[in-house]
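Examination of the molecular architecture
Chain by chain, the residues:
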Amino acid sequence: MQTGHVNAIDILLDAASRPLDALRALARLVTEVNLNAHPGGHPNSPAWLLWHTGREIDVQLAHLTGLDEVWTRDGFQDRFALGELGDGIGYGHSPEEARAVVVLDPQLPLDYVTSTIDALTDYIRTLDESDLGVVVDRRWNPPVTRGVRLVSIIDDAAQHLAQAAYVCGMPGPSA
């Protein structure tokens, strides 16, 4: 156990690294077969969950940083080849739209999520504790601070990666 002062930035960096641990475990489970599986007929496949995880990190991080999204900057938009559908984040997708997110290369969504988490941790390292209280979104009541938004991004990523791992860990093919 570490001793000494741990600040909020240290805690956020630790929390942001946890989805990478889950992603490494998921990489051992994901296959070409289960990546696009729809257990129980659910429209969200592991491919959709991984794509969505990367997109939700990427879009929200671009809003916080003012920088280009990893999606376009690093060529993931072209590599996924999902057209306009891929440029969104998946909230509000119809079942047909969610099913249209098909990925043939299991490594591609893993690479995208890794890149977005790396960008997230790089960003957190630029902050100090006083930055966390700055309001970044007044559309909510109470308004959302940078720190709250970062926790939300990390929590959403952890939940979706766990969902993908659950599906990919199911025995046998899931259609």
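Residues numbered from 1 in each chain as written. Predicted model: local features only at pLDDT ≥ 70, side-chain atom pairs only at ≥ 80, totals over all residues. Heavy atoms only, no water.

This part is about the overall build of the protein chain. If you tally the helices and strands in the protein chain, you get 9 helices and 2 strands. The N-to-C order of helical and strand elements in the protein chain reads α-α-α-α-α-α-α-α-β-β-α. Against the compact-globule benchmark of 16 Å for 175 residues, the protein chain has a radius of gyration of 17 Å, which places it among compact chains. Relative to its full complement of 175 residues, the protein chain shows a buried share of 44%. Relative to all contacts within the protein chain whose residues are 6 or more apart in sequence, the contacts with residues 24 or more apart total 75%. About 9300 Å² of surface is accessible on the protein chain, with carbon and sulfur atoms providing 55% of the total. Separation of charge centres in the protein chain, based on 12 positive and 24 negative side chains, amounts to 3 Å. (Helix = DSSP H or I, 4+ residues; strand = E, 2+ residues; numbered from the N terminus. Rg over C-alpha atoms; globule rule 2.2 N^0.38 Å. Buried < 20%, exposed > 50% of the residue type's maximum accessible area, 1.4 Å probe, protein only. Contact = heavy atoms within 4.5 Å. Areas by Shrake-Rupley, 256 points an atom, 1.4 Å probe, with all protein chains shown as cover. Lys, Arg positive; Asp, Glu negative; His and termini not counted. Charge placed at Lys NZ, Arg CZ, Asp CG, Glu CD.)

For the rest of this paragraph, the subject is unusual backbone geometry. Cis geometry marks the peptide bond from Asn141 to Pro142; its omega dihedral reads 5°. The residue Pro142 is located in the loop between strand E1 (135-137) and strand E2 (144-145) in this model.

It is worth spelling out the packing of aromatic side chains at this point. By the definition in use, this model includes 5 aromatic pairs. Residues Trp71 and Phe80 carry aromatic rings whose centres are separated by 5.2 Å and whose planes lie at 40° to one another, so their mutual orientation is tilted. Among the residues examined, Trp71 registers a relative accessible area of 1% and is labelled buried. Here Phe80 falls in the buried class, since its relative accessible area comes to 5%. A ring pair is formed by Phe80 and Tyr112, whose centres lie 5.7 Å apart and whose planes are at 70°; its orientation type is edge-to-face. Of this pair, Phe80 sits in helix H5 (residues 76-80) while Tyr112 sits in helix H8 (residues 107-125), and the two are 32 residues apart along the sequence. Tyr112 carries the same exposure label as Phe80, and that label is buried. By way of ring pairs, the aromatic residues Trp71, Phe76, Phe80 and Tyr112 are connected into one cluster. (Phe/Tyr/Trp six-rings, centres within 6.5 Å; stacked < 30°, edge-to-face > 60°.)

Let's shift gears to helix H3 (residues 46-65). The terminal C-alpha atoms of H3, which comprises 20 residues, lie 28 Å apart, in line with the 28 Å expected from a rise of 1.5 Å per residue. For H3, the tally of buried residues reaches 17 of 20 residues, placing the bulk of the element in the interior. (Expected span 1.5 Å × (residues − 1).)

The final tally for this structure, using the stated rule, is 9 salt bridges. In this structure, the salt-bridge partner of Arg55 is Asp58, at a minimum N-O distance of 3.5 Å. Of the two residues, Arg55 and Asp58 both sit in helix H3, 3 residues apart, roughly one turn of that helix. Residue Asp58 is classed as buried on the basis of its relative accessible area of 3%. The closest approach of N and O atoms between Asp137 and Arg139, which form a salt bridge, is 2.8 Å. (Salt bridge = Lys/Arg side-chain N within 4 Å of Asp/Glu carboxyl O.)

The space that makes up the largest pocket amounts to roughly 270 Å³. The element that contributes the greatest number of residues to the lining of the largest pocket is helix H9 (residues 146-168), accounting for 3 residues. A class-by-class count of the residues in the lining of the largest pocket yields 3 nonpolar, 3 polar and 3 charged. (1 Å grid on protein atoms, 1.4 Å probe; cavity = no way out; pocket = protein on both sides within 12 Å on 5 of 7 lines; lining within 4 Å. Points joined across faces, edges and corners; volume = space filled by probe spheres on them. Nonpolar A, V, L, I, M, F, W, Y, C, P; charged D, E, K, R; others polar.)

By themselves, these are just geometric observations and shouldn't be taken as functional.
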